[in-house]
Amino acid sequence: MSGTQVKYELLATAGSLEELKCLVEAGADAVQIGDPRFGMRLPGNFPVEETAEAVRFAHSHGARVYAVCNNIMDNAVLSELPAYLKLLQEAEIDAVVFGDPAVLIAMKQAGVKLPLHWNAEMTSTNYVTANYWGTKGATRVILARELNMEQVIEFKQQAKIQVQVQVHGMTNIYHSKRTLVSNYYDHQGQDPTDENLGADRKLFLIEEERQDERFPVYEDRNGTHIMSSDDICMAESLHELMEAGLNSFKIEGLLKSIEYNETVVRCYRQIIDAYTADPDGYVFNEEQWLEPIRALQHPERELSFGFYYKEQVY
């Protein structure tokens, strides 16, 4: 990759129009948004009218907007999907993130043609399946977070479509369509309708053997979500992923403040720009590119490399 000018995408997630504008101005090349009817684990809800405004703002700053439709679709929501996809096209959204083939069928029903990013969560683990979805219109694959560096690099070498990886933020470790938190409150003799079970309640699970780790858990219209106790942080190793030619680097902003996400985007933007300008002379600047993140990092959430350097994963 030395001497070659490669365009690496810095992708962030936004829960509001205000946050989207902050992240774009901080240096995000693209921002993910969505409607919780069709997308899972979104930091906020973007109604269609705000989606159009978000796209206009992003495009005026040279950035892109992707709509997340990665929900586990049930029959009740399928009838609403074609109209939503048509509105996304009218808003000039740049791509749709999908996992369920029902999204492709709904696009045909609506006469919609948009770039597709295949995201099957933990099952996007091999390039053969990714290349299959490439023949069905997918232009990008979002890799499972459980793959290690060696597997990620091999995947990129064999993939015929773009490859995206998560480089910062929390990850989902368990999901159920069932209302497990409500059921727990009901079992305790409490009325769950009187409780706030959403992400802003800041509920945690703590294992008996690991009292020092807190796993965020929340419930929404899509079920119950249990999140990792730490945050991925690949800032100091991002150059390895760039050297391997990965296309897109995602910063997951779920359950984080706008200030935190904006700071993370600014730091990663500087890392990408520094490496792109001089790959051979690149040196990681911990004080400028990691310390600002550490200063805002919750003291009970460790920054880690996730699965990137683990021997045994799958």
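Our subject in this report is the structure included herewith. (Residues numbered from 1 in each chain as written. Predicted model: local features only at pLDDT ≥ 70, side-chain atom pairs only at ≥ 80, totals over all residues. Heavy atoms only, no water.)

## Structural notes on the sheet that holds strand S9 (residues 203-205)
Our working definition: Any two strands are treated as partners once DSSP identifies two or more bridges connecting them. Helix and strand definitions follow DSSP, with helices as H or I runs of at least four residues and strands as E runs of at least two, each counted in order from the N terminus. Geometry is summarised by axes, namely lines fitted to C-alpha atoms with helices restricted to the contacting stretch, and by angles between N-to-C directions that run from 0 to 180 degrees.
Judged by pairing direction, the sheet is antiparallel, and its four strands sit side by side in the order S8-S11-S10-S9 without closing on themselves. Edge strands, defined here as strands with exactly one partner in the open sheet, are strand S8 (172-176) and S9. Between one strand axis and the next, the sheet turns by 30° as a mean value, whatever way the strands run.

## A word on the pairing of strand S4 (residues 95-98)
For clarity, the threshold we go by: Remark: exposure states derive from per-residue accessible area (1.4 Å probe, protein chains only) relative to the maximum for the residue type, with buried under 20%, exposed over 50%, and partly exposed in between. By the criterion used throughout, a crossover qualifies as right-handed when its path from the first strand across the helix to the second strand runs clockwise, the strands pointing away from the viewer.
Alternating positions in S4 separate into two faces, Ala 95 and Val 97 on one and Val 96 and Phe 98 on the other, with burial throughout. Taken together, the four bridges between strand S3 (residues 64-69) and S4 define a ladder with parallel strand orientation. Residue pairing for S4: Tyr 66 is matched across the bridge by Ala 95. Of the strand pairs in this sheet, S4 and strand S5 (residues 116-118) are connected by three bridges, and their pairing is parallel. Looking at the pairing, Val 96 lines up with Leu 116 of S5. In this fold, S4 hands off to helix H5 (residues 102-110), which returns the chain to S5; that crossover is right-handed.

## A word on the packing of helix H6 (residues 127-135) against helix H7 (residues 149-158)
The condition that has to hold: Each crossing gets its handedness from the near helix: less than a right angle anticlockwise from the far helix is left-handed, clockwise is right-handed. Between two residues, a contact is recorded if the distance between any of their heavy atoms is within 4.5 Å. Each residue is assigned to one class: nonpolar for Ala, Val, Leu, Ile, Met, Phe, Trp, Tyr, Cys and Pro, charged for Asp, Glu, Lys and Arg, and polar for all the others, Gly among them.
Between H6 and H7, whose axes approach to 9 Å, the crossing angle comes to 35°. Relative to H7, the crossing made by H6 is right-handed. Taking contact as the criterion, the partners of Tyr 127, Ala 130 and Asn 131 in H6 are, on H7, Glu 154, Phe 155 and Gln 158. The residue makeup of the contact of H6 with H7, split by class, is three nonpolar, two polar and one charged.

## Topic: the nonpolar core
The criterion, for reference: Side-chain atoms within 4.5 Å are what join buried Ala, Val, Leu, Ile, Met, Phe, Trp, Tyr and Cys residues into a set we call a nonpolar core.
Of all hydrophobic cores here, the largest spans 79 residues; its most connected members are Leu 20, Leu 85, Val 167, Leu 241, Phe 249 and Tyr 268. By residue number, the principal contributor to this core is helix H10 (residues 258-277), which donates eight residues.

## As for the side chain of Asn 247
This is how the line gets drawn: Polar contacts here mean pairs of N or O atoms no more than 3.5 Å apart (in protein, one a potential hydrogen donor and the other a potential acceptor; neighbouring residues in sequence count only if both atoms are side-chain atoms).
Of note, Asn 247 is situated in the loop between helix H9 (238-243) and strand S13 (248-251). The exposure class assigned to Asn 247 is buried, which follows from its relative accessible area of 18%. Within polar-contact distance, the side chain of Asn 247 engages the side chain of Lys 156 at 2.9 Å.

## Focus on the pattern of salt bridges
Where we set the bar: Salt bridges, as used here, are contacts in which a Lys or Arg side-chain nitrogen is within 4 Å of a carboxyl oxygen on Asp or Glu.
Under the defined criterion, the tally for this structure stands at 17 salt bridges. Among the ionic pairs, Glu 80 bridges to Arg 37, the shortest N-O distance being 2.8 Å. Here Arg 37 lies in the loop between strand S2 (30-34) and helix H2 (48-60) and Glu 80 lies in the loop between helix H3 (75-78) and helix H4 (81-90), a separation of 43 residues in the sequence. Here Arg 301 and Asp 231 are joined by a salt bridge, their closest N and O atoms 2.9 Å apart. With Arg 301 in the loop between helix H12 (291-296) and strand S14 (303-304) and Asp 231 in strand S12 (residues 231-233), the pair connects residues that are 70 residues apart, well separated along the chain. Of the residues examined, Asp 231 reaches a relative accessible area of 0% and is grouped as buried. In this structure, a network of salt bridges that share partners links the residues Lys 7, Asp 29, Arg 269 and Asp 273.

Spatial relationships are all this shows, so hold off on functional conclusions.
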